[in-house]
Amino acid sequence: MKKLVLTLAIAALSAATSFAQTATWKVDVSHSNMIFTVEHMVISEVEGSFKLFDGTITSDKADFSDAKIAFTVDINSINTDNEMRDGHLKGEDFFEAAKFPKAEFVSTSMKSVGKNKYKLTGNLTMHGVTRQETFDLVYRGTGMDPYGNTKAGFKATGKINRQNYGVKWSKTTEAGAVVSDEVQLTVNIEAAKQKK
């Protein structure tokens with residue numbers, strides 16, 4: 001009897017260990033995007049994106065509630081569909097991309113706020129400054145693509161204040177600030193599970 005109990009215990013432990021193996025997911029850039037929006041002269045909005053970025057997600061749980069997330073963004077890949085404006089944003093008035101070519105986010109916690117909904121908190125480093133930021137994250141599900149790869153979808157939204165990162169260029173008109181301090185962020189991620 002003791003031998004049977006011991007065998008069952010070992011089998012259960014083995015199954016639990018197997019289930020708890022950490023899965024690693026890499027961002028599929030061709031099916032993801034990173035978009036920002038700022039107010040222009042208070043009366044309108046301008047949207048832009050970063051075309052080059054990379055990210056890794058690791059998790060033991062199927063619902064990603066214990067996920068650890070890390071992203072890197074290439075500042076020089078900024079695109080607002082206006083070459084002159086993009087050059088200005090890369091320059092000394094804004095990102096100083098020659099000096100600070102990367103922005104990075106490393107998560108520190110995932111707090112559940114509902115089914116597949118989380119508050120994602122982490123350290124954002126941009127323009128040489130690191131600050132803690134919290135974003136709303138939705139896990140949108142997992143599925144298989146036509147090539148047999150397992151994919152998971154996520155959407156993160158939130159806002160940051162560019163002044164907090166030393167991006168301080170500012171001019172005003174009668175209507176108000178030419179470029180708002182508040183920047184709205186939307187990140188749509190499709191991540192591919194890495195095969196062992």
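Quick summary incoming for the structure in this document.

Reading the values: rules and limits
Residues numbered from 1 in each chain as written. Predicted model: local features only at pLDDT ≥ 70, side-chain atom pairs only at ≥ 80, totals over all residues. Heavy atoms only, no water. Buried < 20%, exposed > 50% of the residue type's maximum accessible area, 1.4 Å probe, protein only. Helix = DSSP H or I, 4+ residues; strand = E, 2+ residues; numbered from the N terminus. Pairing = 2+ DSSP bridges. Phe/Tyr/Trp six-rings, centres within 6.5 Å; stacked < 30°, edge-to-face > 60°.

Quick look at the pairing of strand β4 (residues 53-59) now. Only one face of β4 is covered, namely the face carrying Phe53, Gly55, Ile57 and Ser59; the face carrying Asp54, Thr56 and Thr58 is uncovered. For strand β1 (residues 23-27) and β4, the ladder comprises four bridges, and the chain directions are antiparallel. Note that in β4 the partner of alanine 23 across the bridge is serine 59. As paired elements, β4 and strand β5 (residues 68-74) share six bridges and run antiparallel to each other. Across the sheet, aspartate 54 pairs through a bridge with threonine 72, a residue of β5.

How two aromatic rings sit relative to each other is set out by the distance from centre to centre and by the angle between their planes. The tally for this structure, following the rule as stated, stands at seven aromatic pairs. With a centroid separation of 6.1 Å and 80 degrees between ring planes, the pair formed by phenylalanine 50 and phenylalanine 95 is classed as edge-to-face. Here phenylalanine 50, found in strand β3 (residues 44-50), pairs with phenylalanine 95, found in the loop between α2 (83-90) and β7 (102-114); they are 45 residues apart in sequence, far enough to count as distant. You'll find phenylalanine 50 and phenylalanine 95 in the same group, each marked buried. Judged by centre distance (5.7 Å) and plane angle (75 degrees), the rings of phenylalanine 105 and phenylalanine 135 are edge-to-face. With phenylalanine 105 in strand β7 and phenylalanine 135 in strand β9 (residues 129-144), the pair connects residues that are 30 residues apart, well separated along the chain. Through pairs of rings, three or more aromatic residues link up here, namely Trp25, Phe64, Tyr139 and Phe154.

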